[in-house]
Amino acid sequence: MGKSSLKTKVMSGLVWEFSEKILAQLISTAVSIVLARLLMPDAYGVIALVMAFVTIADTFVRGGFGASLVQKKNADSLDFSTIFYFGLFMGVVFYIILFFIAPVIAGFYRNPELTPVIRVISVGLLIAGFNSVLYSYISKKLLFRKRFFSSLGGTLGSAVVGITMAYMGFGVWALVAQYLIDLFLDTIILFLIVDWRPIWKFSLTRFKQLAGFGLKKLASGLIQTGYNELRALVIGKVYTVTDLSYYNNGVRFPKVIINNIGLTVDSVLFPTLSSENDNIGKVKAMTKRSVRVSAFIMLPMMVGLAMCAKPLVLILLTEKWIFCVPYLQIACISQAPLPIFSPNIQAVNAMGRSDITLKTEIIKKVFGIAVVLLSMRISVMAIALSGVLYTLFSIVIDIFPNRKLIKYGYSEQMSDIAIPLIMSILMGVCVWFVGLLNFSVWLDLIVKVVVGVAVYLLLSVLFKSDSLQYILEIIKPKITTVFKRKA
């Protein structure tokens, strides 16, 4: 594939994947806001606790085998079909496991409501076993336009069902239905519009070939997922499901931004880097650009969100959710660097060194688990703050392998994010001063957003940010094309 062709395909993938994330998350966030206003916090706490177990099981079902298909340059229909049938098998196995241990989990958390919720929502594992290879196929072929339409259909359909059930008083079951309908519709639409179909063959030889990369990726993903859900499991046990709902809804808003931007870049970057993994210079250049652009976008968003946390929660979720404000602000600090430095992980994986990824994940998670366990008896706030320590430690560990792999070390990466960081801090100070003016809630939010955007753009021009120029170069031709079509 030529350089210009690759760049076009990457940019097209980024646009469609980003559009899918933005639109799906906008609708999903709007639905979540409506549901949060209709439902009580304890319903969200129950779902958060149940989803911790389902998400861990889902990691086994999806595994790292989908990534192994993306990483393998000459993956054919037999490879995809082999992993497809393996995914179906794992979906059935883990559904059965969760079905029978549901009463044990409910007893451990002293909440009998968990049993039926776990047994119903775990049906999603059967669907995940079916669609995991479809997602890998789209990522491999950079067919993110198709993902856009399937995600949109699932999000809209589940929104109607979830809101209707919440309004009718179904409580936690409105959230269960929303989750399952979204997954089901997304999968059905994707299956109809993607031209891949499994063949009736399973190759043990191909499975073993893919397992080398896939099992390491699975172990890495399992460690990551287990750690991500650890706080929910701990808070649900040591404290209450209401405390858990405040914590989870606090981190929800930062995660929307992380998913929209960070995961979009990762989903396109990994297959692109994999296609160039025999050229270290290109891998470094793409990784470096991803770090710089991600920092330019993520840092001001997170700083701005932290400064606007209180009026945002009061307007969107009402006074009953005010206790989630400090968790939201802490999450902005702990989450902001993760998508900025995640291209380091993608670069290591693209070079075929999933063994390094596994080792670094183990080191990070041992540290992360330790700080969570040390903080869990102090307070929920202390548990949230432990995430900041984990993030700082993760940055150090994630960069380390690329010092030698692609010659992209600490000083160069810190230099790449220095200007966006300084600009974001200056913007945050300006927005903070706006909060001292004692405006009404609505006016406070509006003025903060306007001042934040204006200050950051002005600073970008003054500092002559190359990331701003890079983004404008990408956007300008597309805007010109749109206006030409209208003319």
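Residues numbered from 1 in each chain as written. Predicted model: local features only at pLDDT ≥ 70, side-chain atom pairs only at ≥ 80, totals over all residues. Heavy atoms only, no water.

Draft legend 1. Molecular detail of the nonpolar core. Counting 109 residues, the largest nonpolar core has I47, V50, L114, L317, W321 and I340 as its most contacted members. The element contributing the most residues to this core is helix α2 (residues 41-62), with 12 residues. Each residue touching L317, except ones within four places of it in the same chain, is listed here: I33, A36, R37, F253, L312 and C324. Counting residues in hydrophobic clusters, the runner-up holds 10 residues, among them M427, V431, L459 and L468. (Core = buried A, V, L, I, M, F, W, Y, C linked by side-chain atoms within 4.5 Å. Buried < 20%, exposed > 50% of the residue type's maximum accessible area, 1.4 Å probe, protein only. Helix = DSSP H or I, 4+ residues; strand = E, 2+ residues; numbered from the N terminus. Contact = heavy atoms within 4.5 Å.)

Draft legend 2. Spotlight on a nonpolar patch on the surface. Taken together, the side chains of V92, I96, I97, F100, I101, V104, V123 and L126 present a nonpolar region at the surface, about 670 Å² in accessible area. Broken down by element, the residue count for the nonpolar patch peaks at 6 residues, all from helix α4 (residues 77-108). Its place among the elements puts V92 in helix α4. (Patch = residues over 30% accessible without salt bridge, like charges linked within 9 Å, V, L, I, M, F, W, Y side chains within 5 Å. Areas by Shrake-Rupley, 256 points an atom, 1.4 Å probe, with all protein chains shown as cover. Salt bridge = Lys/Arg side-chain N within 4 Å of Asp/Glu carboxyl O.)

Draft legend 3. Geometry of the packing of aromatic side chains. Enumeration over the complete set of coordinates arrives at 11 aromatic pairs. Seen in terms of ring centroids, Y247 and Y327 are 5.9 Å apart; in terms of plane orientation they differ by 70 degrees. Their pairing is edge-to-face. Of this pair, Y247 sits in helix α10 (residues 241-275) while Y327 sits in helix α13 (residues 325-335), and the two are 80 residues apart along the sequence. Across the pair, Y327 and Y247 agree in class, each one buried. For the ring pair F367 and F393, a centre distance of 4.2 Å and an interplane angle of 15 degrees mean the geometry is stacked. With a gap of 26 residues between them, F367 in helix α15 (residues 354-375) and F393 in helix α16 (residues 380-399) connect regions that are remote in the sequence. (Phe/Tyr/Trp six-rings, centres within 6.5 Å; stacked < 30°, edge-to-face > 60°.)

Draft legend 4. The pattern of salt bridges, seen in detail. Counted by the stated rule, this structure contains 7 salt bridges. In this structure, E361 and K364 form a salt bridge, with 2.9 Å as the shortest nitrogen-oxygen distance. Within this pair, E361 and its partner K364 are both found in helix α15, separated by 3 residues, close to a single helical turn. Accessibility expressed as a relative area gives 3% for E361, which makes it buried. Taking relative accessible area as the criterion, K364 reaches 2% and is therefore assigned buried. Salt-bridge contacts for D398 lead to K364; the nearest nitrogen and oxygen are separated by 2.8 Å. Here D398 is found in helix α16, whereas its partner K364 is found in helix α15, with 34 residues between them in sequence. In this pair, the class of D398 matches that of K364, namely buried. Taken together, the shared-partner salt bridges connect K288, R292, E412 and D416 into one network.

Draft legend 5. Structural context of the environment of V366. Positionally, V366 belongs in helix α15. Taking relative accessible area as the criterion, V366 reaches 55% and is therefore assigned exposed. As for V366 and I223, which are separated by 143 residues in sequence, their C-alpha atoms are 9.4 Å apart.

Draft legend 6. Just the packing of helix α12 (residues 309-316) against α13, in detail. Here α12 crosses α13 at 130 degrees, and the two axes come no closer than 9 Å. Relative to α13, the element α12 is oriented oblique. The way α12 lies across α13 gives a crossing that is right-handed. Within the contact between the two elements, α12 uses A309, K310 and V313 and α13 uses V325, L328 and Q329. Here the residues of the contact of α12 with α13 are counted per class, giving 4 nonpolar, 1 polar and 1 charged. (Axes fitted to C-alpha atoms, helices over the stretch in contact; angles between N-to-C directions. Parallel < 35°, antiparallel > 145°, perpendicular 65-115°, else oblique. Left-handed = near helix turned anticlockwise from the far one by under 90°. Nonpolar A, V, L, I, M, F, W, Y, C, P; charged D, E, K, R; others polar.)

Draft legend 7. Structural detail: α16. With 20 residues, α16 should cover 28 Å at 1.5 Å per step; its first-to-last C-alpha distance of 30 Å lies within 8% of that length. Most of α16 sits out of view: 14 of its 20 residues are buried. (Expected span 1.5 Å × (residues − 1).)

Draft legend 8. Main features of helix α14 (residues 337-350). Taking 1.5 Å per residue as the helical rise, α14 with its 14 residues ought to reach 20 Å, and the 21 Å between its terminal C-alpha atoms agrees with that figure. The axis of α14 is deflected most strongly, by about 25 degrees, at P343. Considered for burial, the residues of α14 that qualify are P337, P339, I340, F341, S342, P343, N344, Q346, A347, V348, N349 and A350. (Bend = angle between axes of the 7 residues up to and from the residue.)

Draft legend 9. Here's a closer look at unusual backbone geometry. A positive phi angle, near 80 degrees, is found at T318, a position not held by glycine. With respect to the element layout, T318 can be found in the loop between α12 and α13. Here the phi dihedral of N438 falls at roughly 60 degrees; this positive angle occurs in a residue that is not glycine. For N438, a relative accessible area of 71% gives the class exposed.

Draft legend 10. Fine view of the side chain of S158. Structurally, S158 can be placed in helix α7 (residues 144-167). By relative accessible area, which is 2% here, S158 ends up buried. When residues no more than four places from it in sequence are discounted, the contact partners of S158 are Q178, I181, D182 and L185.

Draft legend 11. Main features of the packing of helix α18 (residues 410-435) against helix α19 (residues 441-462). Axis separation between α18 and α19 bottoms out at 9 Å; the angle between their running directions is 150 degrees. Accordingly, the angle class assigned to the pair α18 and α19 is roughly antiparallel. Seen from above, α18 lies across α19 with right-handed handedness. Listed contacts from α19 to P420, M423, S424, L426, M427, C430, V431, V434 and G435 of α18 are D444, V447, K448, V451, G452, V455, Y456, L459 and S460. For the contact of α18 with α19, the residue count by class is 12 nonpolar, 4 polar and 2 charged.

In short, geometric facts, not functional conclusions.
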